[in-house]
Each structure stands twice: as C-alpha cells, then as structure tokens.
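Listed below are the residues making up each chain.
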Amino acid sequence: MLTQDEGNGRASGIRGRVAELCYSTGALHSLQRVRSWWQRDLRILAYHRVMPLPDPATFDFDLELISTTPERFRAQMQHVKQHFTPVSLSDVAAALKNGDALPPDAVAITFDDGYDDNYRIAYPILRELDIPATFFVSTGHIDIGKPFGYDWLVHMILLTHAPRLVLPEIGMDVPMPHDRNLRRSLAGTVLKTMKSIDAMKQEAMIERLEQEWRMTSNVRPDDCRPMTWDQVREMHAAGFDIGSHGVYHRMLAKLSGGLMADEVRQSKATLDRELGVPATLMSYPVGGDRAFDEGVMNATRDAGFDLAVCYICGTNPRPASNRYALFRLPVERMMGPGWFAAMLALPSLVSYPTAHHEPAREQVHA
C-alpha cells in the first residue's frame, strides 16, 4: 500500500507526463483558448528561490525552496508574456476596489520570503522582460540579515555531529542518520510535523538546538541570506510591488490573537517606513490551511492591507470573494517547460494538490 507521500509523488509524475504530452503535441494553446472563453480566473504563480541547482552533497540548506533555475525562469516568464496577460497584484487590488474586470488570462507573479537571489537573479530577468511581480518579504529578516528559521533548522540537521535528534516538542527522538539524503528526508519530516505546534514553540525549539549544538544563526551565509533594504527599495523604485510576509515568518494562525495582530501590524509599519508608501499586499507565511484563519484575515484587513495570498493551490474565478485568501499555483524545480505551460493552461488538471489538515487547531496561549 502506498504512503501518502509516495502516492503524491506518483500522481505528480503522472501529471507531469500528461502535461509534457499535451505540450509536445501543440494542444495546450488551443485548450487554453477554449478555456478562456468560459472561465476568466486569476492565476497567481508562487515562487521562492531562483538559482542554479546546487550539488546536494555540498548545499547545506533546503533544496525544496528552489523553485527553478535562472534559465527556466526566463523561459517561464517568456511563456507568460507570450500567451497570457501579466498583471501586478496592486493592479488586481485596484480593479477589485473599483469593480473593474480583470483582463482575460491574467497571471500575477509572486515571490515569498525575500531571498537575495530574488534581487540578484529574478529581478533583472523580470525587469528586462517588463513583467510585473510582487516580492513578499519577512521584514525582521531584512532588518537583521539572519537566515530564515526553517532554513537554519535544515542546515543544522544536515551538519550537526549530534548522535540523535531529540525533539520533545513534537514527540521525536530518533538516531541521526549518517547518510546526507536521509538527513534531508528527516529534516523534511521535522518541518512538516513542527508546523502543527504553536509558532513561538517552533522558534524556541530551533533556538534550543542552536544552543545545544553550538550552531548560531547570527550569520549571513552566501547560500541562504535575505535581501537588504537597499535592494528592496531599488526593486520598489523600479515599479515592483513589495508586500508583507510577516516579521519573522511565523505561522500567523499559530500565534495568540495579540501576538498575531502585532506581527501583521508591525510588518506593515516597517514596510510603510522603509518604502515611504503604504503597504497594501500580504502573503501569509507558510500559507497552508493551518497557517491562516478568519482571525488572521480580519487582522490583515484591519491593518490596512487590500488583499492577501495564501499557499493553497488553485486559481481565483471570483477574486473579489476571496481577496484575503487568494489561491496560487506553486512553481517547483522539477517542472519542465510542458508541465509549467500545462499548469497555466489547465491548472485544475496538472497543478499540485494541496494537502489539507484537520480544521481543529490546538489552543494557543499568550
């Protein structure tokens, strides 16, 4: 019997093969035109990192956050420009406010977190091709330059000499594998499991391991560092949207009400100050269905944001109805040209399914 992960992997492989077949036969564009006659949904692409694929044996951070290579990203953006209508999320927000219809086949490009490869690699390509995009940044990490907590946890698990991984916070106590690939797999399991507990407990767990393993995160590693404010301001001055991804990339629904509202407001206040204009766009950190809830959406609206995106896979047939939880289409590094093209043309058939979780949440205390 297949595990859920094995089943998802097999299904992804089937979707990829079907997508490549449609692409190679030239059927996609005809199918897209037919679809656009009866469904005008907003597609939002979600990226994290754009960089050359590193050697897993020497890359000491999370490979899963690499969305695509520079060469593939350029080809993807050229495809978007040729076959779709690129739109900015600020233009989407303005259209929703004014009750205007979006253009057919509208596609918005977004980036989460604020890695410096967004500035070094993605931004020049987008600027050259004249394609709008939104960069969602975690303001606290831009302030201090430290790696993101989840990245650092993967880094520590890959490099620690500890004989066991002891995490009472999530009920885990296992031998530390010697094989690097097994360590990556273990790190993925830890990331998936820990996202069920309170956000501050997640941070405390990572900080405890830093102290016990003597692996401080007060560094700016070349392979995993946030942008600087000067870089963010340059992109904003060039016409790109800059939005909030929280302060320290905390799962907002896993914070107490007061801490959650402060995180939302503080991220906006920092962006307002650093950019000199009101920030209006939000992306919920982690973004799955246990990372935000009605309270988070209300706090986002009350803070003055005009719309927000999540990380639930899908398109938006009526974006005015879910403007504080717009669905996105994640771009992953194993996507070939056909798969990417098919995901945009027929998103309900070949995009990634979202893993949903039980609606009940643990009680969070201040």
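One structure accompanies this document, and this report is about it. What you see is a predicted model; the values in this text were computed from it and never measured. Starting afresh in each chain, residues are numbered from 1 along the sequence in its written order. This being a predicted model, a pLDDT of at least 70 is required before a residue's local features are given, and a value of 80 or more before pairs of side-chain atoms are given or counted; all residues contribute to the totals for chains, interfaces and linings. To obtain the side-chain values, all non-hydrogen atoms of the structure were used and water was disregarded.

### Thoughts on the side chain of Thr300
Move 1: Each helix corresponds to a stretch of at least 4 residues labelled H or I by DSSP, and each strand to a stretch of at least 2 residues labelled E; elements are numbered beginning at the N terminus. With respect to the secondary-structure elements, Thr300 resides in helix α12 (residues 294-303).
Move 2: Here's how the labels work: a residue is buried when its accessible area is under 20% of the maximum for its type, exposed when over 50%, partly exposed in between, all with a 1.4 Å probe on protein chains only. Relative accessible area serves as the criterion here: at 0%, Thr300 is assigned to the buried category.
Move 3: Whether two residues are in contact is decided by their heavy atoms: any pair within 4.5 Å suffices. Setting aside anything within four residues of it in sequence, one finds Thr300 in contact with Val264, Met282, Tyr284, Phe305, Ala308 and Tyr324.

### Comments concerning unusual backbone geometry
Move 1: Of note in this structure, Asp130 is not a glycine but carries a positive phi near 60 degrees.
Move 2: Looking at where Asp130 falls in the secondary structure, it is placed in the loop between α5 (116-129) and β6 (134-137).
Move 3: The phi dihedral of Arg214 falls on the positive side, at around 55 degrees, and the residue is not glycine.
Move 4: Within the secondary structure layout, Arg214 lies in the loop between α9 (199-213) and α10 (229-237).

### Some remarks on helix α8 (residues 180-194)
Move 1: Take the residue count of a helix, subtract one, and multiply by 1.5 Å to get its expected span. Taking 1.5 Å of rise per residue, 15 residues should cover 21 Å, and α8 covers 21 Å from first to last C-alpha, within 8% of that figure.
Move 2: Within the span of α8, buried status applies to Arg183, Arg184, Leu186, Ala187, Val190, Leu191 and Met194. Buried residues in α8, looked at end-on, bunch into an arc of 165 degrees, giving them a common side. Exposed positions of α8 whose direction lies more than 90 degrees from the buried face are Asn181 and Leu182.
Move 3: Where α8 is buried, its residues contact α7 (149-159), β7 (164-167), β8 (172-175) and α9.
Move 4: N or O atoms closer than or at 3.5 Å make up a polar contact, with two conditions inside protein: a donor-capable atom paired with an acceptor-capable one, and, for residues adjacent in sequence, both atoms drawn from side chains. The N-cap residue of α8 is Asp179: its side-chain oxygen and the backbone nitrogen of Asn181 are 3.0 Å apart. In this context, the arc is that of the directions from the helix axis out to the C-beta atoms.

### A closer look at the nonpolar core
Move 1: Within this scheme, the nonpolar core is defined by two criteria: the residues are buried Ala, Val, Leu, Ile, Met, Phe, Trp, Tyr or Cys, and they are joined through side-chain atoms within 4.5 Å. The biggest cluster of nonpolar side chains holds 91 residues, and the ones touching the most others in it are Leu45, Tyr47, Met77, Leu153 and Val190.
Move 2: Residues within four places of Leu153 in sequence aside, it is in contact with Val190, Leu191, Met194, Met205, Ile206 and Leu209.

### Quick look at the packing of aromatic side chains
Move 1: Here is the rule: rings of Phe, Tyr and Trp (six-membered ring for Trp) pair when centre to centre is within 6.5 Å. Planes less than 30 degrees apart are stacked, more than 60 are edge-to-face, and the remainder are tilted. Considering all chains together, one arrives at 11 aromatic pairs under this definition.
Move 2: Between Tyr47 and Phe73 the ring centres are 5.2 Å apart and the planes differ by 90 degrees, which places this aromatic pair in the edge-to-face class. With Tyr47 in strand β1 (residues 43-47) and Phe73 in helix α3 (residues 70-83), the pair connects residues that are 26 residues apart, well separated along the chain.
Move 3: Residues Tyr284 and Phe292 carry aromatic rings whose centres are separated by 4.9 Å and whose planes lie at 15 degrees to one another, so their mutual orientation is stacked. Accessibility classification places Tyr284 together with Phe292 in one group, the buried group.

### Remarks on the pairing of β6
Move 1: Of the two faces of β6, the one holding Thr134 and Phe136 and the one holding Phe135 and Val137 are both buried throughout.
Move 2: Criterion used throughout: strands pair if DSSP finds at least two bridges between them. Two elements, strand β5 (residues 106-111) and β6, share two bridges in a ladder whose sense is parallel. The residue bridging Phe111 from the neighbouring strand is Phe135, located in β6.
Move 3: A crossover counts as right-handed when, viewed with the strands pointing away from the observer, the path leading from the first strand over the helix to the second turns clockwise. Assessed by its sense of winding, the connection that carries the chain from β5 through α5 to β6 is right-handed.

### Considerations on the pattern of salt bridges
Move 1: We define a salt bridge as a contact between a side-chain nitrogen of Lys or Arg and a carboxyl oxygen of Asp or Glu at a distance within 4 Å. The final tally for this structure, using the stated rule, is 21 salt bridges.
Move 2: The salt bridge involving Asp105 is made with Arg43; its shortest N-O contact spans 3.5 Å. Here Arg43 lies in strand β1 and Asp105 lies in the loop between α4 (89-98) and β5, a separation of 62 residues in the sequence.
Move 3: With relative accessibility at 13%, the residue Asp105 sits in the buried group.
Move 4: Residue Arg43 is classed as buried on the basis of its relative accessible area, which comes to 1%.
Move 5: Of the charged contacts, one joins Arg333 and Glu64 as a salt bridge, the two residues approaching to 3.4 Å between their closest N and O atoms. With Arg333 in the loop between β12 (326-330) and α13 (337-345) and Glu64 in the loop between β2 (49-50) and β3 (66-68), the pair connects residues that are 269 residues apart, well separated along the chain.
Move 6: For Arg333, a relative accessible area of 22% gives the class partly exposed.
Move 7: Judged by relative accessible area, Glu64 falls into the partly exposed class, the value being 49%.
Move 8: Here the salt bridges share partners, and the residues they tie into one network are Asp116, Arg120, Asp222 and Arg225.

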